[in-house]
Amino acid sequence: MIPAIQIKNLTVTYGSIKVIDDFSCEVKENSVTAIIGPSGCGKSTLLRSLCRMNDRIEDFHIAGQVLVKGENIYHPNVDVYELRRRVGMIFQKPCVFPKSIFENVLFGVKHRIDKKDYETLVERVLTKVNLWEEVKDRLKSLATTLSVGQQQRLAIARTLAVGSEILLMDEPTSSLDPKSAEAIESLIKSLKTHHTILLVTHQHEQAEKVSDNLIFCNIIR
Ligand SMILES: Nc1ncnc2c1ncn2[C@@H]1O[C@H](COP(=O)(O)OP(=O)(O)OP(=O)(O)O)[C@@H](O)[C@H]1O
Ligand SMILES: [Mg+2]
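Being a predicted model, the structure only gives us computed values, none of them experimental. (Residues numbered from 1 in each chain as written. Chains lettered and ligands numbered in written order. Predicted model: local features only at pLDDT ≥ 70, side-chain atom pairs only at ≥ 80, totals over all residues.)

Peer 1: Give a detailed account of the overall build of the chain, specifying residues and quantitative values.
Peer 2: The helix and strand tally for the chain stands at 8 helices and 9 strands. The C-alpha atoms of the chain give 17 Å as radius of gyration, which agrees with the globular expectation for 221 residues (17 Å, within 12%). Along the first, second and third principal axes, the C-alpha atoms of the chain reach 50 × 40 × 35 Å. Counting only residues that meet the buried cut, the chain has 35% of its 221 residues in that class. Long-range contacts, defined here as pairs at least 24 residues apart, represent 74% of the contacts in the chain between residues at least 6 apart. (Helix = DSSP H or I, 4+ residues; strand = E, 2+ residues; numbered from the N terminus. Rg over C-alpha atoms; globule rule 2.2 N^0.38 Å. Buried ≥ 20, exposed ≤ 12 C-beta atoms within 10 Å, placed from the backbone. Contact = placed C-beta atoms within 7 Å.)

Rendered as structure tokens:
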């Protein structure tokens, strides 16, 4: 089977500073890979390189290849918006918009589905992230009124709504209390049935708890 992600001799520089040096690895579909390493070693740079979020940084330069399901994501014909739909990113600080919970879930998908399917989709993905029971009576409330832990689950629901196959999670629990962090950890374990997850974490215990594979990074300078 084709790996979900293949990284081949990846080298990343910002101007004259090399952050990733000739890194290669393969990530199997439906697995959780934890990425661990000291601050500044390039973990976020690596994740962002997998969905081309670094493209607009002026002196960013990349060499080598990144393949998603066998397809080179840096090929000039690649539709970057479609890539970002398939490869979703979850940040340390939950990314929610100043709109209702309902609208947040539908944010990236509204124009692509029938209005009659909105409610079913919202219930399906909010159930998947274990948030439905907590919010089903307040779907019209502002998403910013949710707790930070709930907001993080909402952000994950939004990536599921657009149909992301790969989820890149950059320290998704570091701004959460232990109970909310645990909720995200068990969610990660359940999501790998249908998704491939890369998880950057500073917590070795978390990496051991949820991951199938570990990548250790170090500062190269
Ligand atoms: N836009 C940028 N321009 C220049 N240098 C950058 C840029 N983004 C990151 N860097 C540098 O690249 C290196 C790696 O940064 P990155 O954010 O990937 O590290 P990290 O491993 O995620 O760190 P942390 O654990 O603190 O989040 C750092 O030295 C950082 O200063
Ligand atoms: Mg980082």
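Peer 1: An account of the pairing of strand β4 (residues 60-68) is needed here, citing residue identities and associated values.
Peer 2: Here 8 bridges tie strand β1 (residues 5-14) to β4, and the two strands are oriented antiparallel to one another. The residue bridging V12 from the neighbouring strand is I62, located in β4. With antiparallel pairing between neighbouring strands as the criterion, β4 and strand β5 (residues 71-72) make up a hairpin whose turn holds 2 residues, including K69 at a positive phi of roughly 50°. (Pairing = 2+ DSSP bridges.)

Peer 1: Lay out the sheet that holds strand β8 (residues 196-200) with the relevant residues and their values.
Peer 2: The 5 strands lie next to each other as β6-β7-β8-β3-β9, forming an open sheet whose pairing is parallel. Lying at the two open borders of the sheet, with one neighbouring strand each, are β6 (87-90) and β9 (213-216). Taken pair by pair, the neighbouring strands of this sheet meet at an average axis angle of 20°, ignoring direction. Here β6 runs beside strand β7 (residues 166-170); their pairing, made up of 4 bridges, is parallel. Within the sheet, the bridge partner assigned to G88 lies in β7 and is L167. (Axes fitted to C-alpha atoms, helices over the stretch in contact; angles between N-to-C directions.)

Peer 1: Give a description of the pairing of strand β2 (residues 17-27) that names residues and reports values.
Peer 2: Bridge analysis of β1 against β2 gives 7 bridges, and the strand direction is antiparallel. Considered in β2, the bridge of T13 is made with K18. Where β1 hands over to β2, the hairpin turn is made up of 2 residues, of which G15 adopts a positive phi near 60°.

Peer 1: Talk me through the site of ligand 1; I want residue IDs and the actual numbers.
Peer 2: In the vicinity of ligand 1, the contacting residues are Y14, V19, G37, S39, G40, C41, G42, K43, S44, T45 and I57. For the shell around ligand 1, the element with the highest residue contribution is helix α1 (residues 43-49), accounting for 3 residues. Classifying every residue of the shell around ligand 1 gives 4 nonpolar, 6 polar and 1 charged. (Near = placed C-beta within 6 Å. Nonpolar A, V, L, I, M, F, W, Y, C, P; charged D, E, K, R; others polar.)

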